[in-house]
Each structure stands twice: as C-alpha cells, then as structure tokens.
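Tertiary structure, described
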Amino acid sequence: MDRLTDKTAIIFGADAIGRGVALRFAREGARIAVLDASAEAAQALAADIPGAAAFPVRLHDEGSFRAAFAAVAQRLGPAEVLLNNPLPTPAVAPLDVQTGEAFAQALGAVRAAAVAMQAAFPFMREAGGGRIVTIGHRYGESVGEAIAPYNTAAWGLVGLTRTAALDWGRWQITANLLLPFAATPELEAAHLRRPRVIDMLTGQVPLRRAGDPIEDIGGAAAFLAGDEGAFLTGQVLHADGGQHVAGPVLNPARFAG
Amino acid sequence: MTVGRLEGRVAIVTGSTQGLGEGIAVRLAKAGARVVLNGRSAEKGERVLARIQDLGGEAVFVVADVAIKSEAQRLIAQAVEAFGRVDVLVNNAQAQSPYAHTTDPENDGYFDLALKSGLYGSLWTSQAAFPHMRAGGGGRVVNFASVNGVFGARYAAAYNAAKEAIQGLTRTLANEWGAYGITVNTVLPSGLSPSYEAFFKDDPQRAEAAAKAIPLRRHGRAEEDIGSAVLGLVSDSGRFITGQALFIDGGQSLTGLPQLHDLGYAPH
C-alpha cells in the first residue's frame, strides 16, 4: 500500500471511476489533485481525501489546464501521475440522426484528454518520467449500437494513448489505456431499467461481478502507475473481470427510454 | 521496492533457471512469495535457488520437463508437498526450435517440441494446479505468448504456432475458471533473455540501435521490468484482470515488428 508514496497524482474527471482511482491512489501514498469541468464535482471528491486539492478546468480552454497543472505543482509538487478520465455520457441515437453537437462533445473529450497530457508533459519530463493512465471504454474496440460519437471518441483514445507512448517514451513517460467494467451509478441505473439484461451480462463475466472502483479498477490503475508498470506502455489493459473475452459489449440502445 | 505483497502465497515459475523466468522468480520471491523453481538442469536450478535464499527468500527447486505430462504433474505435486498450496502459476517454459522455413521437412519435430513444451506444458501444469487453486479460493495463472507469434515472424512457425495457441488456451481458461476466482492472463514480454543478450554481446552498436527502436529507449530487464509486470498481474492489483494479453515490451510492438530473424537474431 505504498506504491505511490510521495508522488503527486492528478485525477482529471471526478466521476465514479475517477473517485475510485483517486481513493486508491491516496491509499497508495499519493498526493491527490482533482480536475473537473465541474468545480462542485472536483471539490466533492477532493473533500473526501485528506490533503487533496480541487482545480476546476474549462474543457475547451487549454490555458485552464496549464494553469491548473502549474498550481498543482506549486501546491502539491509536480504531477508524475495523470489519471485521464475524459469521456462523457454517450448520446444515444442512430447514426443518421446523431447531431454535430454530440460529435463535438465526444471528440472534445478526446481533445481534452490530449490537452491534459500536454499540460502534464513538461512536469513529467522534468521529473525524469511519468505515468499517464487514461480511462477508455470497450466501445473503443467493440462498438456499441447507436452511440457513434462515443464509439469514435473511445477509438480515438486508443490512437492518442499509443501516440503518447511512442512520442514520450524516451523520457520514461508511459501512456496506457484502462478499460473498466465497474459497478458505477450508470450500471446501477441500467440495472433498474433492465435488470434481466444486466444480470445476464454480469453473469457472463468470468469473475461473475462488476468491478469495485477502488479495489478492482483502482488496483489496476495503481499497477500501471507504480513500479510494476515501468515497462508497460501503449497498452490497452482490461480491468473488467474478463468481460472482454466473455460477452458482447453492453448495448446502450437497450437502456435508453 | 514493495515488500510483502505476496506474503503467504506460493508461486510456481516454470523454466526459471535463467533469463526472464529467473527474473520473475526473484521478483516474486522479493515480494514475499514462497517460490517453486523449475527447469531441466539441476545445476542451473541450484544457482537460482541459492540466489533467492541469499536474498532471504524461501524457495525449492524441482527438476522437471513440463513437455512430459507426468513430469508437469509431478512439478505441481512437489510444490504442494513443499509448501501446501498453489496460488500462482507462471508458465514461462518454452523449448527452442531451430529456425526453419515452413516447408522444411523437419517441422514435424519442431512443432512437436514447441507445442509439447509451450502449449501442452502450460495446459498440464494448469490442469494439475486447478484443484489446489480452487481449494485455496482462487489463483493466478500467467501464460507466455510472443510478439513473434502475433506478427508471424519468419522461420519460426513452430514457435509462433505454439505461442498463439497458448493465447487461445489462456482466454478459454479465463472464461472457464473465473467462477473459481482464478485469473488467467497472457504476457508477451520482450527483455534481456540469454538469447537476446548473446545476439547483442559482440555488437554494442546493434544493441544501441535496437534500444532506440523501443519507445522507452531501453531493453527490458528480467527482474525489474518483466518480473515487476508479472507481479502486478499476480498480486492484489491484478485481481480483476483476466483474459488479457499484456505486452511487456516498452511499447516495441506498437509500430509493428521488424523481421529480426533475417538479421540472424533468435528472439525466442
């Protein structure tokens, strides 16, 4: 439980997965900074972690990311770990009626992930290395029906992660993608709507459950962020109990409306 | 270094008398595991055993050829005899076949050797370990594939076929054994094995050029890089990871793989 001692970790995206990873990183000894477009969400998470600080960012404002990373460096020390958790909720509609706004929002999340990486880069290079762990989705390898913008963004994160691995490896900065299957509020909401489908899906998972955001997803993120991840880069790691080899990707169209 | 993460656990590492297997065994021992070393050479095994004992680790060495079913089964039985349980099984052993064009009539023998030591060896040890892992409430199996298999490196059909077959075995075991809390993953490591080092020994420029082709700009170290990643999979942090193929290669395979065999390099 000391794998990230004296390291500063920035959590960008304070949803249930971001929260689980943040709590796990804190338990592993990291100093935590939380960035989110929602100041409330960032503060709510930071408030639950002793010594953590919250920094709101504006998704389309690169300067706000650079300012936040500089403020984190000043307050907690330069970030050597970035948990990049940018994806929004999918907009469900068949491709023929998906809007330009929906694409802009989803692809804007990929851009925000890239901007967060760029903001982290000088600090990681200066520190002699860094770890970027981006939370992606299985829609970035097996597409889901009726969520074209989200599928496109999820695939985009694969390309972004692998390019970061190639471009920044020489500075011992690793970049990996983590694909979780976890007990999030979204999964619980889906279970309320379609309990049989979700039970069937979860029952097909080899480990027979959805992951715990702290123990399962946070544990895998700590693997990539700690010494054990030293030679892992450009990888797509599934923290999903084996769901990716066992069953079809969850189909969001079945839970809409 | 993180100490004690495998305290109380028993880890078997096949083919651990040299190279990557040795590095993995040492890394797991340093994390507190009681380690069962294995190989075909008693002499080499004693050296690694002494190394782990000198570090204050607990280990035994079992001479066994996992390419022979009864030997693979005996390895597991002796591990249980020594330490009472099996928590982690690392199927690293793989016999090497000579380079051969796929039309070479000697291929029957090469395939037999590669499949028996790699594919069947992994199957037989896993089968024998299964009841012990189930009884212990779960377990971790790590199998070994290769980028050479993924990309179909020239003149290594037997090896490549064995390695890709192991990936199929891994995903099936992950699917079947998850219900018992057993995770099964494949790693595809690229690191400083004896054959790798021999290739670069007389040509530092070549070693440097090869390192430059790796995004992290360095060759993987058996213990610190490959062993540590295996530790990540078999320790608590890997508890929700199963059916995964994990390249431990510093990003080397991201851009595709050069045909190293044509340069005289034996990566396997």
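Just above sits the structure.
These notes cover the structure that comes with them.

What counts and how
Residues numbered from 1 in each chain as written. Chains lettered and ligands numbered in written order. Predicted model: local features only at pLDDT ≥ 70, side-chain atom pairs only at ≥ 80, totals over all residues. Heavy atoms only, no water. Helix = DSSP H or I, 4+ residues; strand = E, 2+ residues; numbered from the N terminus. Rg over C-alpha atoms; globule rule 2.2 N^0.38 Å. Buried < 20%, exposed > 50% of the residue type's maximum accessible area, 1.4 Å probe, protein only. Contact = heavy atoms within 4.5 Å. Areas by Shrake-Rupley, 256 points an atom, 1.4 Å probe, with all protein chains shown as cover. Lys, Arg positive; Asp, Glu negative; His and termini not counted. Charge placed at Lys NZ, Arg CZ, Asp CG, Glu CD. Salt bridge = Lys/Arg side-chain N within 4 Å of Asp/Glu carboxyl O. Expected span 1.5 Å × (residues − 1). Bend = angle between axes of the 7 residues up to and from the residue. Axes fitted to C-alpha atoms, helices over the stretch in contact; angles between N-to-C directions. Parallel < 35°, antiparallel > 145°, perpendicular 65-115°, else oblique. Left-handed = near helix turned anticlockwise from the far one by under 90°. Nonpolar A, V, L, I, M, F, W, Y, C, P; charged D, E, K, R; others polar. Buried area = accessible area lost by both parts, 1.4 Å probe. Polar contact = N/O pair within 3.5 Å; in protein donor to acceptor, adjacent residues only side chain to side chain. Core = buried A, V, L, I, M, F, W, Y, C linked by side-chain atoms within 4.5 Å. Pairing = 2+ DSSP bridges.

On to the overall build of chain B, then. For chain B, the helix and strand inventory stands at nine helices and seven strands. Computed over C-alpha atoms, the radius of gyration of chain B comes to 18 Å, within 12% of the 18 Å expected from 2.2 N^0.38 for 268 residues, which places it in the range of a compact globule. Along the three orthogonal principal directions, the C-alpha set of chain B runs to about 45 × 40 × 35 Å. For chain B, with 268 residues in total, the buried portion stands at 59%. Residue pairs at least 24 apart in sequence account for 72% of intrachain contacts in chain B once pairs closer than 6 positions are excluded. When the accessible surface of chain B is split by element, carbon and sulfur atoms take 49% of a total near 10,200 Å². Computed over 25 positive and 26 negative side-chain charges, the separation of the two mean positions in chain B equals 6 Å.

Enumeration according to the criterion identifies 26 salt bridges over all chains in this entry. Across the pair D236 of chain B and R24 of chain A runs a salt bridge whose closest N-O atoms are separated by 3.2 Å. Here D236 of chain B is found in the loop between helix 9 (222–234) and strand 7 (245–248), whereas its partner R24 of chain A is found in helix 1 (residues 16–27) on a different chain. The shortest N-O distance in the salt bridge between E223 of chain B and R51 of chain B comes to 3.5 Å. Pair noted here: E223 of chain B is in helix 9 and R51 of chain B is in helix 2 (residues 42–54), with a separation of 172 residues, a long-range link. Using a relative accessible area of 13% as the deciding quantity, one classes E223 of chain B as buried. By relative accessible area, R51 of chain B is classed as partly exposed at 33%. Connected via shared salt-bridge partners are R3, R24, R27, E28, R209, E215, D216 and E228 of chain A together with R5, D236 and R239 of chain B.

With that settled, the discussion passes to helix 4 (residues 107–135) of chain B. All names here are of chain B. Taking 1.5 Å of rise per residue, 29 residues should cover 42 Å, and helix 4 covers 41 Å from first to last C-alpha, within 8% of that figure. Where helix 4 bends most, at A129, the angle is about 40 degrees, and the proline P131 comes one to four residues later. Note on helix 4: the residue one or two positions beyond its end, G137, has a positive phi of about 90 degrees.

A pair of packed helices can be characterised by two numbers: the angle between their axes and the separation between those axes. All names here are of chain A. Running from amino to carboxyl end, helix 3 (residues 62–76) crosses helix 4 (residues 100–127) at an angle of 40 degrees, the nearest separation of the two axes being 9 Å. As summarised for this structure, helix 3 and helix 4 are arranged oblique, according to the angle between their axes. Every pair of crossing elements has a handedness; the one defined by helix 3 and helix 4 is right-handed. Here helix 3 contributes E62, F65, R66, F69, A70 and A73 to the contact with helix 4, which in turn contributes R111, A112, V115, A116, A119, A120 and F123. In terms of residue class, the contact of helix 3 with helix 4 is built from ten nonpolar, no polar and three charged.

Residues and elements named next belong to chain B. Topologically, E22 is positioned in helix 1 (residues 19–30). E22 sits in the buried class, given a relative accessible area of 8%. The contacts of E22, once residues within four sequence positions are left out, are S16, T17, R47, V48 and R51.

With that settled, the discussion passes to the environment of E46 of chain B. Residues and elements named next belong to chain B. Along the polypeptide, E46 turns up in helix 2. Classification of E46 by relative accessible area gives partly exposed; the value is 44%. Through-space distance from the C-alpha of E46 to that of V63 is 10.0 Å; in sequence the pair is 17 residues apart.

Here the focus is the environment of G139 of chain B. Residue and element names in this part refer to chain B. Structurally, G139 can be placed in strand 5 (residues 139–144). By relative accessible area, which is 7% here, G139 ends up buried. As for G139 and D203, which are separated by 64 residues in sequence, their C-alpha atoms are 42 Å apart. Leave out the neighbours within four places in its chain, and G139 touches D87, M133, G181, I182 and T183.

The next point concerns unusual backbone geometry. Residues and elements named next belong to chain A. Despite not being glycine, A146 has its phi angle at roughly 65 degrees, a positive value. By the secondary structure assignment, A146 is in the loop between strand 5 (130–135) and helix 5 (148–168). Unusually for a residue other than glycine, R208 sits at a positive phi of about 65 degrees. The residue R208 is located in the loop between helix 7 (195–204) and helix 8 (213–225) in this model.

With that settled, consider the interface of chain B and chain A. Contacts between chain B and chain A engage 42 residues on the former and 42 residues on the latter. Both faces combined, the contact of chain B with chain A buries some 3,400 Å², and carbon together with sulfur accounts for 60% of it. It is L216, F240 and L254 of chain B in chain B that bury the most area against chain A; as a group they hold 23% of the surface buried on that side. Where chain B meets chain A, there are three salt bridges. Between D216 of chain A and R239 of chain B there is a salt bridge, and its shortest N-O distance comes to 2.6 Å. The interface formed by chain B and chain A holds 18 residue pairs in polar contact (both at pLDDT 80 or more) in total. When contributions to the side of chain B that touches chain A are tallied by element, the ones reaching two or more residues are helix 6 (157–177), strand 6 (182–189), helix 9 and strand 7 of chain B.

Within the largest apolar cluster, 69 residues are counted, with the highest numbers of intra-cluster contacts made by F25, I32 and L178 of chain A together with L28 of chain B. Filtering out sequence-adjacent residues up to four positions away, L28 of chain B remains in contact with L6, A11, V13, A33, V35, V88, V90, L231 and V234 of chain B.

Let us look at the sheet that holds strand 6 of chain B. Residues and elements named next belong to chain B. The seven strands lie next to each other as 3-2-1-4-5-6-7, forming an open sheet whose pairing is parallel. Sheet topology places strand 3 (59–63) and strand 7 at the edges, where each strand pairs with a single neighbour. On average, each strand axis in the sheet is tilted by 20 degrees relative to the strand beside it, whichever way the strands run. As paired elements, strand 6 and strand 7 share four bridges and run parallel to each other. Its bridge partner being in strand 7, P189 is matched across the sheet by I248. Contacts from helix 1 reach strand 1 (10–13), strand 2 (34–39), strand 4 (88–91), strand 5 and strand 6, with the element oriented near 175 degrees to strand 1. In this fold helix 9 packs onto strand 4, strand 5, strand 6 and strand 7, with an angle of close to 155 degrees to the strand it touches most, strand 7.

In short, shape yes, function no, at least from these values alone.
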